[in-house]
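# Examining the three-dimensional arrangement
One-letter residues, chain by chain:
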Amino acid sequence: MRAPSPAFLERLATAAVDEQLVDAFFAHVETPLGRLLVVHSTRGVCRIAFPENGEDRLLAEIAAAFGPRIVACESASRPTLDALAAYLEGDSAQLQISVDLALVRSAFGRAVLAGLARVPRGEVTTYGALAAAIGHPRAARATGSALGRNPVPIVVPCHRVVPGSGGVGHYGGGAERKRHLLELERAGQAR
Amino acid sequence: MPEPLPPFWTLVEEHGAALLDHAQRLVGPSDAADVLGDALLRALRAYPGLAHGEHLRAWLYRIVTNVALDQLARDGRRELTSSGALPEAAAHDPGGVEAFTDLIAPLSDGAKAVLTLRYVADLPYAEIAARLGCSPPAARQRASTAIRSLRETLT
(Lines give C-alpha, C1' and ligand atoms only; values in the text may rest on other atoms or scores of the structure.)
Protein backbone atom coordinates (compact mmCIF):
# COMPACT_ATOMS: atom_id res chain seq x y z
CA MET A 1 0.00 0.00 0.00
CA ARG A 2 1.60 3.27 -1.06
CA ALA A 3 0.64 6.70 0.20
CA PRO A 4 -0.47 9.33 -2.32
CA SER A 5 2.62 11.29 -3.46
CA PRO A 6 3.33 14.79 -2.10
CA ALA A 7 2.97 16.13 -5.66
CA PHE A 8 -0.49 14.53 -5.96
CA LEU A 9 -1.57 16.00 -2.61
CA GLU A 10 -0.31 19.45 -3.55
CA ARG A 11 -2.19 19.32 -6.89
CA LEU A 12 -5.34 18.24 -5.10
CA ALA A 13 -5.03 21.01 -2.50
CA THR A 14 -4.30 23.64 -5.14
CA ALA A 15 -7.40 22.59 -7.08
CA ALA A 16 -9.45 22.76 -3.88
CA VAL A 17 -8.19 26.28 -3.08
CA ASP A 18 -8.69 27.44 -6.69
CA GLU A 19 -12.25 26.12 -6.69
CA GLN A 20 -12.90 27.89 -3.36
CA LEU A 21 -13.75 24.64 -1.65
CA VAL A 22 -11.73 25.33 1.49
CA ASP A 23 -12.31 27.16 4.76
CA ALA A 24 -8.59 27.37 5.51
CA PHE A 25 -5.27 26.09 4.25
CA PHE A 26 -1.90 25.64 5.91
CA ALA A 27 1.78 25.11 5.18
CA HIS A 28 5.13 25.19 6.97
CA VAL A 29 8.19 27.36 6.57
CA GLU A 30 11.72 26.89 7.96
CA THR A 31 13.00 30.06 9.62
CA PRO A 32 15.69 31.05 12.15
CA LEU A 33 12.88 30.87 14.75
CA GLY A 34 12.13 27.26 13.84
CA ARG A 35 9.60 25.58 11.59
CA LEU A 36 6.49 27.73 11.62
CA LEU A 37 2.98 26.56 10.87
CA VAL A 38 1.15 29.20 8.81
CA VAL A 39 -2.63 29.00 8.43
CA HIS A 40 -4.67 31.16 6.03
CA SER A 41 -8.40 31.66 6.09
CA THR A 42 -10.06 32.94 2.94
CA ARG A 43 -9.28 36.48 4.12
CA GLY A 44 -5.65 36.30 5.16
CA VAL A 45 -3.25 34.75 7.64
CA CYS A 46 -5.28 33.70 10.66
CA ARG A 47 -2.73 31.70 12.66
CA ILE A 48 1.02 31.35 12.95
CA ALA A 49 2.36 28.79 15.38
CA PHE A 50 5.71 27.63 16.67
CA PRO A 51 6.56 23.93 16.42
CA GLU A 52 5.88 23.16 20.11
CA ASN A 53 2.26 24.35 19.84
CA GLY A 54 0.82 20.95 18.90
CA GLU A 55 -0.47 20.93 15.36
CA ASP A 56 -3.42 18.53 15.68
CA ARG A 57 -5.08 20.49 18.45
CA LEU A 58 -4.39 23.73 16.66
CA LEU A 59 -5.95 22.58 13.37
CA ALA A 60 -8.95 21.27 15.30
CA GLU A 61 -9.38 24.79 16.70
CA ILE A 62 -9.15 26.24 13.20
CA ALA A 63 -11.82 23.75 12.06
CA ALA A 64 -14.09 24.79 14.91
CA ALA A 65 -13.65 28.50 14.12
CA PHE A 66 -13.57 28.57 10.31
CA GLY A 67 -15.03 25.24 9.18
CA PRO A 68 -13.62 21.75 8.61
CA ARG A 69 -12.57 22.09 4.98
CA ILE A 70 -8.87 22.48 5.76
CA VAL A 71 -6.11 21.39 3.39
CA ALA A 72 -2.32 21.62 3.32
CA CYS A 73 -1.40 23.84 0.37
CA GLU A 74 2.04 25.19 -0.26
CA SER A 75 1.39 27.00 -3.53
CA ALA A 76 -1.39 29.17 -2.08
CA SER A 77 0.69 29.89 1.04
CA ARG A 78 3.86 30.67 -0.93
CA PRO A 79 3.79 34.52 -0.83
CA THR A 80 3.35 34.55 2.95
CA LEU A 81 5.95 31.82 3.53
CA ASP A 82 8.50 33.68 1.41
CA ALA A 83 7.79 37.02 3.10
CA LEU A 84 8.17 35.48 6.58
CA ALA A 85 11.39 33.69 5.69
CA ALA A 86 12.90 36.85 4.14
CA TYR A 87 11.92 38.96 7.13
CA LEU A 88 13.23 36.53 9.73
CA GLU A 89 16.48 35.98 7.87
CA GLY A 90 17.02 39.74 7.81
CA ASP A 91 16.73 39.98 4.01
CA SER A 92 13.70 42.22 4.15
CA ALA A 93 12.57 44.97 6.51
CA GLN A 94 8.99 44.76 5.27
CA LEU A 95 6.35 42.33 6.42
CA GLN A 96 3.15 43.30 4.68
CA ILE A 97 0.78 40.40 4.95
CA SER A 98 -2.99 40.63 5.29
CA VAL A 99 -4.22 39.08 8.49
CA ASP A 100 -7.57 37.73 9.62
CA LEU A 101 -8.04 38.19 13.36
CA ALA A 102 -11.26 36.18 13.51
CA LEU A 103 -9.72 33.95 16.19
CA VAL A 104 -9.61 36.93 18.55
CA ARG A 105 -13.02 36.79 20.19
CA SER A 106 -13.07 39.89 22.38
CA ALA A 107 -13.27 43.52 21.27
CA PHE A 108 -10.63 44.35 23.87
CA GLY A 109 -8.28 41.73 22.41
CA ARG A 110 -8.74 43.18 18.94
CA ALA A 111 -8.12 46.72 20.26
CA VAL A 112 -4.87 45.62 21.91
CA LEU A 113 -3.60 43.99 18.71
CA ALA A 114 -4.71 46.97 16.62
CA GLY A 115 -2.77 49.23 19.00
CA LEU A 116 0.44 47.51 17.93
CA ALA A 117 0.21 49.31 14.61
CA ARG A 118 1.64 52.35 16.45
CA VAL A 119 4.82 50.49 17.40
CA PRO A 120 7.04 50.41 14.32
CA ARG A 121 9.83 47.99 13.64
CA GLY A 122 12.89 48.72 15.77
CA GLU A 123 10.89 50.28 18.60
CA VAL A 124 9.28 48.82 21.70
CA THR A 125 6.55 49.88 24.09
CA THR A 126 5.47 48.64 27.52
CA TYR A 127 2.31 46.80 28.57
CA GLY A 128 1.25 49.87 30.57
CA ALA A 129 1.91 52.33 27.75
CA LEU A 130 0.02 50.19 25.22
CA ALA A 131 -2.90 49.83 27.63
CA ALA A 132 -2.97 53.62 28.08
CA ALA A 133 -2.67 54.22 24.33
CA ILE A 134 -5.83 52.21 23.65
CA GLY A 135 -7.72 54.01 26.42
CA HIS A 136 -7.45 51.43 29.22
CA PRO A 137 -4.64 52.83 31.37
CA ARG A 138 -5.32 50.42 34.24
CA ALA A 139 -5.48 47.30 32.10
CA ALA A 140 -1.76 46.57 31.71
CA ARG A 141 -2.18 42.99 32.91
CA ALA A 142 -5.19 42.30 30.67
CA THR A 143 -3.21 43.82 27.80
CA GLY A 144 -0.45 41.31 28.51
CA SER A 145 -2.94 38.43 28.40
CA ALA A 146 -4.45 39.68 25.16
CA LEU A 147 -0.97 39.87 23.61
CA GLY A 148 -0.30 36.34 24.86
CA ARG A 149 -3.31 35.17 22.86
CA ASN A 150 -2.17 36.85 19.63
CA PRO A 151 -2.99 34.23 16.98
CA VAL A 152 -0.63 35.75 14.41
CA PRO A 153 2.70 36.38 16.16
CA ILE A 154 5.56 38.00 14.21
CA VAL A 155 3.16 39.58 11.66
CA VAL A 156 1.15 41.23 14.44
CA PRO A 157 4.17 42.36 16.43
CA CYS A 158 3.27 41.53 20.04
CA HIS A 159 6.99 40.92 20.61
CA ARG A 160 7.49 44.70 20.61
CA VAL A 161 5.79 45.02 24.00
CA VAL A 162 8.06 44.60 27.02
CA PRO A 163 7.69 45.07 30.80
CA GLY A 164 8.23 48.58 32.14
CA SER A 165 10.50 47.03 34.78
CA GLY A 166 13.02 45.86 32.15
CA GLY A 167 13.83 42.59 30.40
CA VAL A 168 11.95 41.19 27.41
CA GLY A 169 9.11 39.66 29.42
CA HIS A 170 6.81 36.85 28.31
CA TYR A 171 6.31 35.56 24.79
CA GLY A 172 4.10 32.82 23.43
CA GLY A 173 7.08 31.48 21.50
CA GLY A 174 9.46 31.81 24.48
CA ALA A 175 11.68 34.69 25.63
CA GLU A 176 14.56 33.50 23.44
CA ARG A 177 12.55 34.00 20.25
CA LYS A 178 11.32 37.39 21.47
CA ARG A 179 14.90 38.53 22.09
CA HIS A 180 15.89 37.27 18.64
CA LEU A 181 13.09 39.23 16.96
CA LEU A 182 13.85 42.44 18.84
CA GLU A 183 17.56 42.18 18.00
CA LEU A 184 16.76 41.50 14.36
CA GLU A 185 14.50 44.55 14.16
CA ARG A 186 16.95 46.81 15.99
CA ALA A 187 19.78 45.73 13.71
CA GLY A 188 17.63 46.38 10.65
CA GLN A 189 16.81 49.83 11.94
CA ALA A 190 20.45 50.79 12.47
CA ARG A 191 21.42 49.85 8.92
CA MET B 1 -22.73 16.01 21.48
CA PRO B 2 -22.05 14.66 17.99
CA GLU B 3 -18.43 14.12 17.11
CA PRO B 4 -17.18 17.34 15.40
CA LEU B 5 -15.84 17.09 11.86
CA PRO B 6 -12.04 16.86 11.95
CA PRO B 7 -9.93 19.01 9.59
CA PHE B 8 -10.37 17.43 6.16
CA TRP B 9 -6.64 17.02 5.65
CA THR B 10 -6.30 14.72 8.65
CA LEU B 11 -8.67 12.33 6.85
CA VAL B 12 -6.56 12.52 3.71
CA GLU B 13 -3.43 11.78 5.72
CA GLU B 14 -5.01 8.93 7.68
CA HIS B 15 -6.84 7.18 4.86
CA GLY B 16 -5.13 8.37 1.67
CA ALA B 17 -3.00 5.26 1.20
CA ALA B 18 -5.87 2.84 1.78
CA LEU B 19 -8.18 4.82 -0.52
CA LEU B 20 -5.56 4.92 -3.26
CA ASP B 21 -5.20 1.17 -2.88
CA HIS B 22 -8.97 0.77 -3.14
CA ALA B 23 -9.13 2.97 -6.25
CA GLN B 24 -6.30 0.99 -7.80
CA ARG B 25 -8.11 -2.29 -7.32
CA LEU B 26 -11.18 -0.93 -9.02
CA VAL B 27 -9.75 0.98 -11.98
CA GLY B 28 -6.14 -0.22 -12.20
CA PRO B 29 -2.90 1.62 -11.47
CA SER B 30 -2.94 4.15 -14.31
CA ASP B 31 -6.27 5.78 -13.39
CA ALA B 32 -6.20 5.31 -9.61
CA ALA B 33 -4.73 8.72 -8.73
CA ASP B 34 -7.23 10.55 -10.97
CA VAL B 35 -10.11 8.68 -9.40
CA LEU B 36 -8.83 9.42 -5.91
CA GLY B 37 -8.35 13.11 -6.76
CA ASP B 38 -11.88 13.44 -8.15
CA ALA B 39 -13.29 11.56 -5.20
CA LEU B 40 -11.52 13.74 -2.62
CA LEU B 41 -12.71 16.95 -4.29
CA ARG B 42 -16.23 15.54 -4.34
CA ALA B 43 -15.85 14.64 -0.66
CA LEU B 44 -14.59 18.13 0.16
CA ARG B 45 -17.68 19.66 -1.46
CA ALA B 46 -20.00 17.49 0.59
CA TYR B 47 -17.97 17.59 3.81
CA PRO B 48 -19.51 20.59 5.62
CA GLY B 49 -22.97 19.12 5.04
CA LEU B 50 -22.25 16.02 7.11
CA ALA B 51 -24.11 15.93 10.38
CA HIS B 52 -21.28 14.42 12.45
CA GLY B 53 -17.74 13.12 12.26
CA GLU B 54 -18.52 9.42 12.51
CA HIS B 55 -17.92 6.65 9.96
CA LEU B 56 -15.87 9.03 7.83
CA ARG B 57 -13.64 6.27 6.52
CA ALA B 58 -16.61 4.33 5.20
CA TRP B 59 -18.02 7.52 3.72
CA LEU B 60 -14.78 8.18 1.82
CA TYR B 61 -14.65 4.57 0.59
CA ARG B 62 -18.16 4.97 -0.77
CA ILE B 63 -17.23 8.12 -2.68
CA VAL B 64 -14.09 6.54 -4.15
CA THR B 65 -16.13 3.48 -5.16
CA ASN B 66 -18.76 5.62 -6.88
CA VAL B 67 -16.20 7.70 -8.77
CA ALA B 68 -14.35 4.51 -9.79
CA LEU B 69 -17.58 2.92 -11.04
CA ASP B 70 -18.42 6.03 -13.05
CA GLN B 71 -14.97 5.89 -14.57
CA LEU B 72 -15.33 2.20 -15.43
CA ALA B 73 -18.72 2.88 -16.91
CA ARG B 74 -17.29 5.63 -19.13
CA ASP B 75 -14.36 3.44 -20.19
CA GLY B 76 -16.64 0.50 -20.84
CA ARG B 77 -18.96 2.56 -22.98
CA ARG B 78 -16.04 3.93 -24.98
CA GLU B 79 -14.54 0.49 -25.51
CA LEU B 80 -17.79 -1.25 -26.29
CA THR B 81 -18.87 1.35 -28.79
CA SER B 82 -15.49 1.60 -30.52
CA SER B 83 -15.08 -2.16 -30.80
CA GLY B 84 -18.52 -2.53 -32.29
CA ALA B 85 -19.32 -5.08 -29.61
CA LEU B 86 -22.62 -3.45 -28.92
CA PRO B 87 -25.47 -3.61 -31.39
CA GLU B 88 -25.86 -0.40 -33.37
CA ALA B 89 -28.82 0.80 -31.32
CA ALA B 90 -27.12 0.24 -28.00
CA ALA B 91 -23.95 1.91 -29.20
CA HIS B 92 -25.96 5.01 -29.91
CA ASP B 93 -27.72 4.72 -26.62
CA PRO B 94 -25.38 6.10 -24.02
CA GLY B 95 -28.20 5.51 -21.59
CA GLY B 96 -27.43 1.79 -21.69
CA VAL B 97 -24.58 1.99 -19.23
CA GLU B 98 -26.40 4.53 -17.10
CA ALA B 99 -29.41 2.27 -17.00
CA PHE B 100 -27.16 -0.55 -15.85
CA THR B 101 -25.57 1.71 -13.21
CA ASP B 102 -29.04 2.64 -11.95
CA LEU B 103 -30.05 -0.98 -11.95
CA ILE B 104 -27.20 -2.03 -9.69
CA ALA B 105 -27.37 1.09 -7.49
CA PRO B 106 -29.16 -0.66 -4.59
CA LEU B 107 -26.43 -3.31 -4.29
CA SER B 108 -23.48 -3.18 -1.91
CA ASP B 109 -20.33 -1.41 -3.09
CA GLY B 110 -18.56 -4.77 -3.44
CA ALA B 111 -21.37 -6.18 -5.60
CA LYS B 112 -21.49 -3.04 -7.74
CA ALA B 113 -17.74 -3.19 -8.25
CA VAL B 114 -17.68 -6.80 -9.42
CA LEU B 115 -20.66 -6.37 -11.76
CA THR B 116 -19.26 -3.18 -13.26
CA LEU B 117 -15.86 -4.76 -13.78
CA ARG B 118 -17.49 -7.78 -15.42
CA TYR B 119 -20.32 -6.34 -17.50
CA VAL B 120 -19.36 -2.74 -18.15
CA ALA B 121 -15.56 -2.81 -18.24
CA ASP B 122 -15.92 -6.31 -19.71
CA LEU B 123 -12.87 -7.68 -17.91
CA PRO B 124 -12.07 -11.40 -17.62
CA TYR B 125 -12.32 -12.93 -14.16
CA ALA B 126 -8.53 -13.20 -13.84
CA GLU B 127 -8.26 -9.41 -14.20
CA ILE B 128 -11.23 -8.75 -11.90
CA ALA B 129 -9.64 -11.04 -9.33
CA ALA B 130 -6.39 -9.08 -9.51
CA ARG B 131 -8.19 -5.79 -8.98
CA LEU B 132 -10.32 -7.03 -6.12
CA GLY B 133 -7.43 -8.85 -4.48
CA CYS B 134 -9.01 -12.30 -4.60
CA SER B 135 -8.69 -15.53 -6.64
CA PRO B 136 -10.42 -15.85 -10.04
CA PRO B 137 -12.88 -18.47 -8.71
CA ALA B 138 -13.70 -16.13 -5.81
CA ALA B 139 -14.27 -13.28 -8.28
CA ARG B 140 -16.64 -15.51 -10.27
CA GLN B 141 -18.38 -16.48 -7.04
CA ARG B 142 -18.76 -12.80 -6.04
CA ALA B 143 -20.25 -11.97 -9.43
CA SER B 144 -22.78 -14.74 -9.21
CA THR B 145 -23.72 -13.75 -5.66
CA ALA B 146 -24.10 -10.16 -6.86
CA ILE B 147 -26.38 -11.28 -9.71
CA ARG B 148 -28.46 -13.28 -7.25
CA SER B 149 -28.92 -10.22 -5.02
CA LEU B 150 -29.70 -8.15 -8.07
CA ARG B 151 -32.47 -10.61 -9.01
CA GLU B 152 -33.79 -10.37 -5.49
CA THR B 153 -33.97 -6.60 -5.67
CA LEU B 154 -35.87 -6.88 -8.96
CA THR B 155 -38.52 -9.32 -7.83
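Residues numbered from 1 in each chain as written. Chains lettered and ligands numbered in written order. Predicted model: local features only at pLDDT ≥ 70, side-chain atom pairs only at ≥ 80, totals over all residues. Heavy atoms only, no water.

### Things to note about the interface of chain B and chain A
- Contacts between the two partners involve 21 residues from chain B and, on the opposite side, 22 residues from chain A.
- In this assembly, chain B packs against chain A so that about 1,800 Å² is buried in total across both faces, 79% of it on carbon and sulfur atoms.
- The three residues of chain B that bury the most area against chain A are B:Pro7, B:Trp9 and B:Leu44, which together make up 34% of that side's buried surface.
- Along the contact surface separating chain B from chain A lie 1 salt bridge.
- Residues B:Arg45 and A:Glu19 are paired through a salt bridge, measuring 2.7 Å at the closest nitrogen-oxygen approach.
- For the pair chain B and chain A, the number of links is 4 residue pairs in polar contact (both at pLDDT 80 or more).
- Listed by contribution, the elements that provide at least two residues to the side of chain B that touches chain A are α1 (8–27) and α2 (29–46) of chain B.
- For the side of chain B that touches chain A, the leading source of residues is α1(B), giving 9 residues.
- Residues belonging to the side of chain B that touches chain A are distributed by class as follows: 16 nonpolar, 3 polar and 2 charged. (Contact = heavy atoms within 4.5 Å. Buried area = accessible area lost by both parts, 1.4 Å probe. Salt bridge = Lys/Arg side-chain N within 4 Å of Asp/Glu carboxyl O. Polar contact = N/O pair within 3.5 Å; in protein donor to acceptor, adjacent residues only side chain to side chain. Helix = DSSP H or I, 4+ residues; strand = E, 2+ residues; numbered from the N terminus. Nonpolar A, V, L, I, M, F, W, Y, C, P; charged D, E, K, R; others polar.)

### Considering helix α6 (residues 140–148) of chain A
All names here are of chain A.
- Taken together, the buried positions of α6 are occupied by Thr-143, Ala-146 and Leu-147. Along the axis of α6, the buried positions cluster into a sector of 100°, meaning they face one direction only. Opposite the packed face of α6, turned more than 90 degrees from it, sit the exposed residues Arg-141 and Gly-148. (Buried < 20%, exposed > 50% of the residue type's maximum accessible area, 1.4 Å probe, protein only. Arc of directions from axis to C-beta.)

### Remarks on the domain arrangement of chain B
Residue and element names in this part refer to chain B.
- One can read the domain layout of chain B as domain 1 (1–77) and domain 2 (83–155).
- Each partner contributes to the interface: domain 1 provides 13 residues, whereas domain 2 provides 14 residues.
- Carbon and sulfur atoms make up 64% of the surface buried where domain 1 meets domain 2, a total of about 1,100 Å² over both sides.
- Taken together, domain 1 and domain 2 are joined by 2 residue pairs in polar contact (both at pLDDT 80 or more).
- Counting residues per element, the ones that place at least two in the side of domain 1 that touches domain 2 are α1 and α3 (56–83). (Domains from an automatic or database assignment.)

### A look at the nonpolar core
- In this structure, A:Val39, A:Val71, B:Phe8 and B:Trp9 are the most contacted members of the largest nonpolar core, which totals 73 residues.
- Among the elements that line this core, the one with the most residues is α3(B), at 10 residues.
- A domain-level breakdown of this core finds at least three residues from each of domain 1 (1–77) and domain 2 (83–155) of chain B.
- With residues up to four places along the chain from it excluded, the contact list for A:Val39 reads A:Ala24, A:Phe25, A:Phe26, A:Gly44, A:Val45, A:Cys46, A:Arg47, A:Leu58, A:Leu59 and A:Ile62.
- Core analysis: the next-biggest nonpolar cluster, separate from the first, contains 33 residues, A:Leu130, A:Ile134, A:Ile154 and A:Val161 among them. (Core = buried A, V, L, I, M, F, W, Y, C linked by side-chain atoms within 4.5 Å.)

### Concerning the confidence of the model for chain B
Residues and elements named next belong to chain B.
- In this model, chain B carries an average pLDDT of 82, and 84% of its residues clear a pLDDT of 70 or more.
- Of all secondary-structure elements in chain B, the lowest mean pLDDT belongs to helix α4 (residues 88–91), at 40, while α2 reaches the highest, 95.
- Scored below 50 in pLDDT, residues 83–93 shows 4 contacts in the model against residues more than four places distant or in partner chains. (pLDDT = per-residue confidence, 0-100.)

### Quick word on the sheet that holds strand β2 (residues 34–41) of chain A
Residue and element names in this part refer to chain A.
- Strand order across the open sheet formed by 4 strands is β3-β2-β1-β4, with mixed pairing between neighbours. Strands with a single pairing partner mark the edges of an open sheet, and in this sheet they are β3 (44–49) and β4 (70–72). Pairs of neighbouring strands in the sheet enclose a mean axial angle of 30°, with direction left out of account.
- Pairing of strand β1 (residues 24–31) with β2 involves 8 bridges; the strand directions are antiparallel. Following the sheet pairing, Val-29 is matched in β2 by Leu-36.
- The sheet strands contacting helix α3 (residues 74–88) are β1, β2, β3 and β4, and the helix crosses β1 at an angle near 30°. (Pairing = 2+ DSSP bridges. Axes fitted to C-alpha atoms, helices over the stretch in contact; angles between N-to-C directions.)

### Digging into the pairing of β1(A)
All names here are of chain A.
- Taking burial as the measure, the 8 residues of β1 include 6 buried ones, the bulk of the element.
- Turn length for the β1-β2 hairpin, with the two strands adjacent in sequence and antiparallel, is 2 residues.
- Bridge analysis of β1 against β4 gives 3 bridges, and the strand direction is parallel. Bridge pairing in β4 links Ala-24 to Ile-70.

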